[in-house]
Amino acid sequence: MIEPGLFRSAGFRFGLVYAVLMTISAAALAMFLWWFTAGLLDRQTASAIRADAQGLIERFDEEGDEGGIKALVSTIEDRLAADVDDEAIYLLVDANMHRVAGNLDTWPSIVDTPGEWRQLQVRRGGMRSSALVFRYELPGGYHLLVGRDVQVRVQLGNLLTDALIWAVAIVLAMATAGAIIVRSLFRRTVANVSATASAIAAGDFAQRVKVSGRGDEFDQLAEVINDMLDRITRLMDGVRQVSNAIAHDLRTPITRARARLEEAARGAESSADLHAAIDRATIDLDGIVAVFQALLRIAEIEAGSRRASFQRVDIVTVLEGVADLYGAVAEEKGVALQVSHPRRLEINGDAALIQQAVANLVDNAVKFSPENGTVKLAAVLDGRRIRIIVTDRGPGIPEQDRLRATERFYRGDAARGTPGSGLGLALVQAVAYLHGGVLRLEDARPGLNAVLDLAWSENPDG
């Protein structure tokens, strides 16, 4: 078996999708954290600058001695004196850009547009630091610059950004390692299925996929595959049984028909003798044709092709039809046929096949019932199942033979002296499987209970 390459492996692809989703999720979380921390600090700083500038402008706009340049200069100096954290930045210049008040020596050259935020490097007290500033225009050609020292916030933002980048990188590395581990686990699980399939392909039909017992999706897949293999095994056994049965059971009537024709050809003394021999051979051949027709019908049923013609079937009508058909036969043999069922009982299925299956069961019951015996035909609804029960008081089927009774051409000791080909119960079982059911043969003490258990659907489209 050829091992797929790393990137051609389905397990690796699944793991890679998991890794990508994990990385995207981690990146989205990192961006949210950055926006919620560093971004929040920037927004708080900008809001503080606006409030501070609004207060200064309002002081400048006051009338009389309470306002004007002198009042603005005095307010700036008071705020600088009260700035314990030394974060406030103020600069007031005249129309010629000469410093009037503030803690900056010169106007920054890059702040050349009014109403625009700028983050720049400033020098205060002989040290350079980062600052966020905003420019305001005042009457009389004055220019006001208000800002905050954000050096600590910049360092915090850089630290947070680096931490988040490393976190995303670590998540990516761990997700990649997880993808490789998932690939290994996936290969280990699928290897069980692959090994079983290879053994089956080599002819070992006894192999089955191992079930871990965890009840996960792989266990469900293993159970489905095992059910499929069981079904294939049953079909293969059926094919072998049919081949063996055809080779043994049909050889006798074919040989008998051939012998009769040869005898008639050599020793017939009249045309009447010849026609009689031909008629007997024709009867033998008709029996053989009937057997092949039954085999073909069972094969058709097992293939499931009849499901396309499923429709609503009234089981009550089917049972009454079978009772009418076999009532006279049972009466002639001295057997009482009793029928019981609900007033109405419907199922989605093939009416002709269900009727044939019930007829086979009733035919067997009447055939093996003793004189003055009783055959009961009943139908009941039990939960989500419809059970059609045929009970007789005949010899029954020994427990050791019940599992083989539904095999093609199987005939027990009690049936060897009666007409038939051994295909009746095989057809009933095929009809049961087609309708999602099963045929059960139970001891009636004395006699036999044949239970045709079918799936019931309340929905007409079921």
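Quick note: structure is the one above.
About the thresholds
Along each chain, residues carry numbers from 1 onward, in the same order as the chain's sequence is written. Selection of residues for local features in this predicted model requires a pLDDT of at least 70, selection of side-chain atom pairs for listing and counting requires 80 or more, and totals for whole chains, interfaces and linings are taken over all residues. Hydrogens and waters are ignored; side-chain quantities use all the structure's heavy atoms. Only DSSP runs of H or I reaching four residues or more are called helices, and only runs of E reaching two or more are called strands; each is numbered from the N terminus. Three exposure classes are used, based on accessible area relative to the maximum for each residue type with a 1.4 Å probe and protein chains only: buried under 20%, partly exposed in between, and exposed over 50%. Using a 1.4 Å probe, the Shrake-Rupley method yields the accessible areas, and only the shown protein chains count as cover for residues. Take the number of residues in a helix, subtract one, and multiply by 1.5 Å to get its expected span. Here the bend at each residue means the angle between axes fitted to two seven-residue stretches, the one ending at that residue and the one beginning there. In this description, contact between two residues means that some pair of their heavy atoms is separated by no more than 4.5 Å. In the analysis that follows, any N or O atom pair within 3.5 Å is treated as a polar contact, provided that within protein one partner can donate a hydrogen and the other can accept it, and provided that, for residues neighboring in sequence, both atoms belong to side chains. Stacked, tilted and edge-to-face are the three classes assigned to paired rings of Phe, Tyr and Trp, where Trp is represented by its six-membered ring and a pair needs centres within 6.5 Å; plane angles under 30 degrees give stacked, over 60 edge-to-face, the rest tilted. The salt bridge criterion pairs a side-chain nitrogen of Lys or Arg with a carboxyl oxygen of Asp or Glu, the two atoms within 4 Å. Think of a nonpolar core as a cluster: buried Ala, Val, Leu, Ile, Met, Phe, Trp, Tyr and Cys residues, connected wherever their side-chain atoms sit within 4.5 Å. Pairing between strands requires that DSSP locate at least two bridges from one strand to the other. For every element, the axis is a line fit to its C-alpha atoms; helices are fit only across the contacting stretch, and the angle between N-to-C directions ranges from 0 to 180 degrees. Each angle gets one of four labels, with under 35 degrees taken as roughly parallel, over 145 as roughly antiparallel, 65 to 115 as roughly perpendicular, and the rest as oblique. Helix crossings get a hand from a simple test, with the near helix turned counterclockwise from the far one by less than a right angle marking a left-handed crossing and a clockwise turn marking a right-handed one.

1. Quick notes on the overall build of the chain
Moving on, step 1. Helix and strand counts for the chain come out as 9 helices and 12 strands.
Moving on, step 2. In the chain, buried positions account for 36% of the 462 residues.
Moving on, step 3. Surface accessibility of the chain: about 27000 Å² in total, with carbon and sulfur atoms responsible for 57%.

2. A short note on helix α7 (residues 315–333)
Moving on, step 1. The first and last C-alpha atoms of α7 sit 26 Å apart over 19 residues, in line with the 27 Å expected at 1.5 Å per residue.
Moving on, step 2. For α7, the principal kink sits at Y326 and spans about 40°.
Moving on, step 3. Every buried residue of α7 is accounted for by I315, V316, V318, L319, V322, A323, Y326 and A330.
Moving on, step 4. Where α7 is buried, its residues meet β6 (311–314), β7 (336–340), β8 (346–349), α8 (351–368), β9 (374–382) and β10 (385–391).
Moving on, step 5. Two to three positions downstream of the cap, the backbone nitrogen of V316 sits 3.1 Å from a side-chain oxygen, assigning the N-cap of α7 to D314.

3. Remarks on α8
The α-helix winds at 3.6 residues per turn, so residues separated by three or four positions along the chain end up facing the same way.
Moving on, step 1. Between its terminal C-alpha atoms α8 stretches 26 Å, which fits the 26 Å expected from 18 residues at 1.5 Å a residue.
Moving on, step 2. Every buried residue of α8 is accounted for by L353, I354, A357, V358, A359, N360, L361, V362, A365 and V366.
Moving on, step 3. Its side-chain oxygen at 3.1 Å from the backbone nitrogen of A352, D350 defines the N-terminal cap of α8.

4. A few points about the packing of aromatic side chains
Moving on, step 1. For the structure shown, the criterion picks out 2 aromatic pairs.
Moving on, step 2. A ring pair is formed by F134 and Y136, whose centres lie 4.8 Å apart and whose planes are at 55°; its orientation type is tilted.
Moving on, step 3. By relative accessible area, F134 is classed as buried at 12%.
Moving on, step 4. Counting every residue linked through ring pairs, the aromatic cluster contains W117, F134 and Y136.

5. Quick notes on the side chain of E346
Moving on, step 1. In this structure, E346 sits in strand β8.
Moving on, step 2. Assessed through its relative accessible area of 19%, E346 is described here as buried.
Moving on, step 3. A distance of 3.2 Å separates the side chain of E346 from the side chain of R312, its partner in a polar contact.
Moving on, step 4. Each residue touching E346, except ones within four places of it in the same chain, is listed here: R312, V313, D314, I386 and W456.

6. Examining the pattern of salt bridges
Moving on, step 1. The full count for this structure, using the stated rule, is 15 salt bridges.
Moving on, step 2. Across the pair R312 and E346 runs a salt bridge whose closest N-O atoms are separated by 3.2 Å. One end of the pair, R312, is in strand β6; the other, E346, is in strand β8, and 34 residues separate them in sequence.
Moving on, step 3. R344 is the partner of E346 in a salt bridge, and the nearest nitrogen-oxygen pair spans 2.2 Å.
Moving on, step 4. On the basis of relative accessible area, R344 is assigned to the exposed category, the value being 57%.

7. Details of the nonpolar core
Nonpolar side chains in soluble globular proteins tend to be buried together.
Moving on, step 1. Ranked by size, the top nonpolar core spans 46 residues in total, and within it I315, I354, V358, L361, V362, I388 and L452 carry the most contacts.
Moving on, step 2. Of all the secondary structure elements, the ones that give two or more residues to this core are α6 (271–303), α7, α8, β9, β10, α9 (424–434), β11 (438–443) and β12 (448–455).
Moving on, step 3. Looking at this core, the element that brings in the most residues is α8, giving 9 residues.
Moving on, step 4. Of all hydrophobic cores here, the second largest spans 19 residues; its members include F60, L72, F134 and L144.

8. Thoughts on the sheet that holds β11
Moving on, step 1. With mixed pairing, 5 strands are arranged side by side in an open sheet as β7-β9-β10-β12-β11. Two strands bound the open sheet, and with one partner strand each, they are β7 and β11. In this sheet, neighbouring strand axes are inclined to one another by 15° on average, regardless of whether the strands run parallel or antiparallel.
Moving on, step 2. Sheet analysis places β9 next to β10, joined by 7 bridges and oriented antiparallel. Note that in β10 the partner of K376 across the bridge is T391.
Moving on, step 3. On the sheet, α7 packs against β7, β9 and β10 and is oriented at approximately 170° with respect to β7.

9. Quick look at the environment of I225
Moving on, step 1. Examined against the element boundaries, I225 turns out to sit in helix α4 (residues 217–248).
Moving on, step 2. By relative accessible area, I225 is classed as buried at 16%.
Moving on, step 3. For the pair I225 and V193, spaced 32 residues apart in sequence, the C-alpha separation works out to 8.6 Å.

10. Quick look at the packing of α7 against α8
Moving on, step 1. The geometry of α7 relative to α8 is characterised by a closest axis approach of 10 Å and an angle of 25° between their N-to-C directions. Between α7 and α8, the angle falls in the class roughly parallel. Crossing of α7 over α8 shows right-handed handedness. Packed against α7, whose contacting residues are I315, V318, L319, G321, V322, Y326, V329, A330 and K333, the element α8 presents I354, Q355, V358, A359, V362, D363, V366, K367 and F368 at the interface.

11. A word on the pairing of strand β4 (residues 127–138)
Moving on, step 1. Of all 12 residues that make up β4, 9 are buried, and the element is covered over most of its length.
Moving on, step 2. One ladder, built from 8 bridges, connects β4 with strand β5 (residues 142–149); its direction is antiparallel. Note on β5: the bridge partner recorded for R135 is L145.
Moving on, step 3. Turn length for the β4-β5 hairpin, with the two strands adjacent in sequence and antiparallel, is 3 residues, and the turn residue G140 shows positive phi of about 85°.

12. Regarding the pairing of β8
Moving on, step 1. Both faces of β8 are covered, namely the face carrying E346 and N348 and the face carrying I347 and G349.
Moving on, step 2. By the bridge criterion, 4 bridges tie β6 to β8 in an arrangement that is antiparallel. Within the sheet, the bridge partner assigned to D314 lies in β8 and is E346.

Function-wise, these values are silent; they only describe arrangement.
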